[in-house]
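Results of the structural survey
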Amino acid sequence: MDKNYCQAAGCFSGGIRRRLLELPPELQGSVREICLRAGRPLALAGFRETYFPGREAGFFPALPPEPYLVTGAELQESLRVLTDYSVQTYQDEINAGYITIQGGHRAGVAGTCVCREGRIHTVHQISSLSLRIARQIPGAAAELVHTLYPDRVRSTLIAGAPASGKTTLLRDMARCLSNGLPGYYTRVSLIDERGELAAVRQGIPQYDVGVLTDVFDSCPKGEGMRMAIRAMAPEALLLDEISGEEDAASILQSLNAGAAVIASVHASSLDELCRNRHIRELIDRGAFQRIVLLQGADVPCRIARIAEPRELLPC
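Residues numbered from 1 in each chain as written. Predicted model: local features only at pLDDT ≥ 70, side-chain atom pairs only at ≥ 80, totals over all residues. Heavy atoms only, no water.

For the rest of this paragraph, the subject is the overall build of the protein chain. Secondary structure summary: the protein chain contains 11 helices and 16 strands in total. For the protein chain, the C-alpha radius of gyration of 20 Å lies close to 20 Å, the compact-globule estimate for 315 residues. The C-alpha extent of the protein chain, read off along each of the three principal axes, is 55 × 45 × 40 Å. Buried positions account for 51% of the 315 residues belonging to the protein chain. (Helix = DSSP H or I, 4+ residues; strand = E, 2+ residues; numbered from the N terminus. Rg over C-alpha atoms; globule rule 2.2 N^0.38 Å. Buried < 20%, exposed > 50% of the residue type's maximum accessible area, 1.4 Å probe, protein only.)

Here is the structure:
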């Protein structure tokens, strides 16, 4: 049985949970997302295939004549289970489009949006849930760490498409650097804004992020970086999915304080990376010494290319 899959399957309502746990163990490790859509088939998105449970039994790589259809009641009950039967407590996260739950799993949500002054005020009448299963792969970053940091940590940008392994790679980079894998130990501050990197519960990371890693859990990236520099004297700051002007400004401030920054960003190619105005500004100002491009969702954590910023200038 795959521990991560079973933990994620346990986050849904009774009927769906029982059906998910019937998936053969040899297939469980290949599932990366569990997708519920009201009135439509239950779907398990794998790295290469999507599986559809039959209404009564079986799992199929193509839509069967009688698939398991998710009812509106099942979806709403699953939402209550995901939020520990306190949906209101998670409303801010739901409004942002996701819920991070125990184990670091992340459930994307879709529904009816109520806007005020051009901004989303609340999301209700949830119609879809897509739970991305968090997995730790010890050693996923070992070769990359040896290649990039033979003598010291350098600021690095990891770019990849969704589900290409950015979070998994960052998590293992923290573990490798903090545990002294390159031949020296590094004080790491992990800015875990969405609770995915370390999956902290009652102050204890559920993932192994290393012996010299300090975790700033559920903390906005900008404020987390400032707190870390003031209080923890990190040699490396790790953060996931940078975006926007505030993140860019905070990264530049951190570099001026002497800490290397290792961060990820959504971009499936170097051209797409250059079209991101804030990332382009960081590259132009020398914020990153190496850029790592991941291959894609079919082969998570696989490195497609390691580039130097000068290779991208002018973008």
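Relative orientation of the contacting elements helix H8 (residues 221-231) and helix H9 (residues 244-256) amounts to 15°, with a least axis distance of 9 Å. Between H8 and H9, the angle falls in the class roughly parallel. Seen from above, H8 lies across H9 with left-handed handedness. The segment H8 lies against H9, with Lys221, Gly222, Met225, Arg226 and Ile229 engaging Glu246, Asp247, Ser250, Ile251, Gln253 and Ser254. Here the contact of H8 with H9 is composed, by residue class, of 3 nonpolar, 4 polar and 4 charged. (Axes fitted to C-alpha atoms, helices over the stretch in contact; angles between N-to-C directions. Parallel < 35°, antiparallel > 145°, perpendicular 65-115°, else oblique. Left-handed = near helix turned anticlockwise from the far one by under 90°. Contact = heavy atoms within 4.5 Å. Nonpolar A, V, L, I, M, F, W, Y, C, P; charged D, E, K, R; others polar.)

Summed over all chains, the structure comprises 0 aromatic pairs. Positioned over the ring face of tyrosine 98 is arginine 106, at 4.2 Å from the centre of the ring. Directly above the aromatic system of tyrosine 207 lies the positively charged group of arginine 171, at a separation of 4.1 Å from the ring centroid. (Phe/Tyr/Trp six-rings, centres within 6.5 Å; stacked < 30°, edge-to-face > 60°. Lys NZ or Arg CZ within 6 Å of the ring centre and 35° of its normal.)

Burial analysis of strand E14 (residues 260-266) places 6 of its 7 residues in the buried class, the great majority of the element. Bridge analysis of strand E13 (residues 236-239) against E14 gives 4 bridges, and the strand direction is parallel. What sits directly across from leucine 238, in E14, is isoleucine 262. For the crossover that starts at E13, traverses H9 and ends in the parallel E14, the hand is right-handed. (Pairing = 2+ DSSP bridges. Right-handed = clockwise from strand over helix to strand, strands pointing away.)

With that settled, consider the side chain of aspartate 240. Residue position: aspartate 240 is located in the loop between E13 and H9. Among the polar contacts listed, one links the side chain of aspartate 240 to the side chain of arginine 194, at a separation of 3.5 Å. Among the polar contacts listed, one links the side chain of aspartate 240 to the side chain of serine 264, at a separation of 2.4 Å. Those residues within four positions of aspartate 240 in sequence are excluded, and the remaining contacts are Thr167, Leu170, Ile191, Arg194, Leu197, Lys221 and Ser264. (Polar contact = N/O pair within 3.5 Å; in protein donor to acceptor, adjacent residues only side chain to side chain.)

Another aspect to go through is the pattern of salt bridges. Going through the model one piece at a time under the given rule, you end up with 18 salt bridges. Between glutamate 223 and arginine 226 there is a salt bridge, and its shortest N-O distance comes to 3.3 Å. Residue glutamate 223 and its partner arginine 226 are located together in helix H8, separated by 3 residues, close to a single helical turn. One salt-bridge network, held together by shared partners, links Arg106, Arg194, Glu196, Asp240 and Glu241. (Salt bridge = Lys/Arg side-chain N within 4 Å of Asp/Glu carboxyl O.)

Let's shift gears to a nonpolar patch on the surface. Together, Tyr185, Val211 and Leu212 line one region of the surface with nonpolar side chains, adding up to about 320 Å² of accessible area. Along the polypeptide, leucine 212 turns up in the loop between strand E11 (204-205) and strand E12 (213-217). Here leucine 212 falls in the partly exposed class, since its relative accessible area comes to 34%. (Patch = residues over 30% accessible without salt bridge, like charges linked within 9 Å, V, L, I, M, F, W, Y side chains within 5 Å. Areas by Shrake-Rupley, 256 points an atom, 1.4 Å probe, with all protein chains shown as cover.)

Let's shift gears to the sheet that holds E14. An order of E12-E9-E13-E14-E8-E15-E16 is seen for the 7 strands of this open sheet, with the pairing classed as mixed. One side of each edge strand has no neighbouring strand; the edge strands of this open sheet are E12 and strand E16 (303-307). Averaged over all pairs of adjacent strands, the angle between strand axes in this sheet comes to 15°, irrespective of strand direction. Two elements, strand E8 (residues 156-160) and strand E15 (residues 290-294), share 4 bridges in a ladder whose sense is parallel. Opposite threonine 156, over in E15, you have arginine 290 as the bridge partner. Where helix H7 (residues 166-178) meets the sheet, it contacts E8, strand E9 (188-192), E12, E13, E14, E15 and E16, and its direction lies at approximately 165° from that of E14.

Using the criterion set out here, one finds 0 disulfides in the structure. No disulfide involves cysteine 6; its sulfur sits 11 Å from that of cysteine 11, the nearest cysteine. Not part of a disulfide, cysteine 115 finds its nearest cysteine sulfur in cysteine 113, a span of 6.0 Å. (Disulfide = S-S within 2.5 Å.)

Attention now goes to H7. End to end, H7 covers 18 Å across 13 residues, agreeing with the expected 18 Å (1.5 Å per residue, within 8%). A large share of H7 lies buried, amounting to 13 of its 13 residues. Immediately beyond the C-terminal end of H7, within one or two residues, lies glycine 180, with a positive phi of roughly 80°. (Expected span 1.5 Å × (residues − 1).)

Remember that the coordinates give geometry; whether it matters functionally is a separate question.
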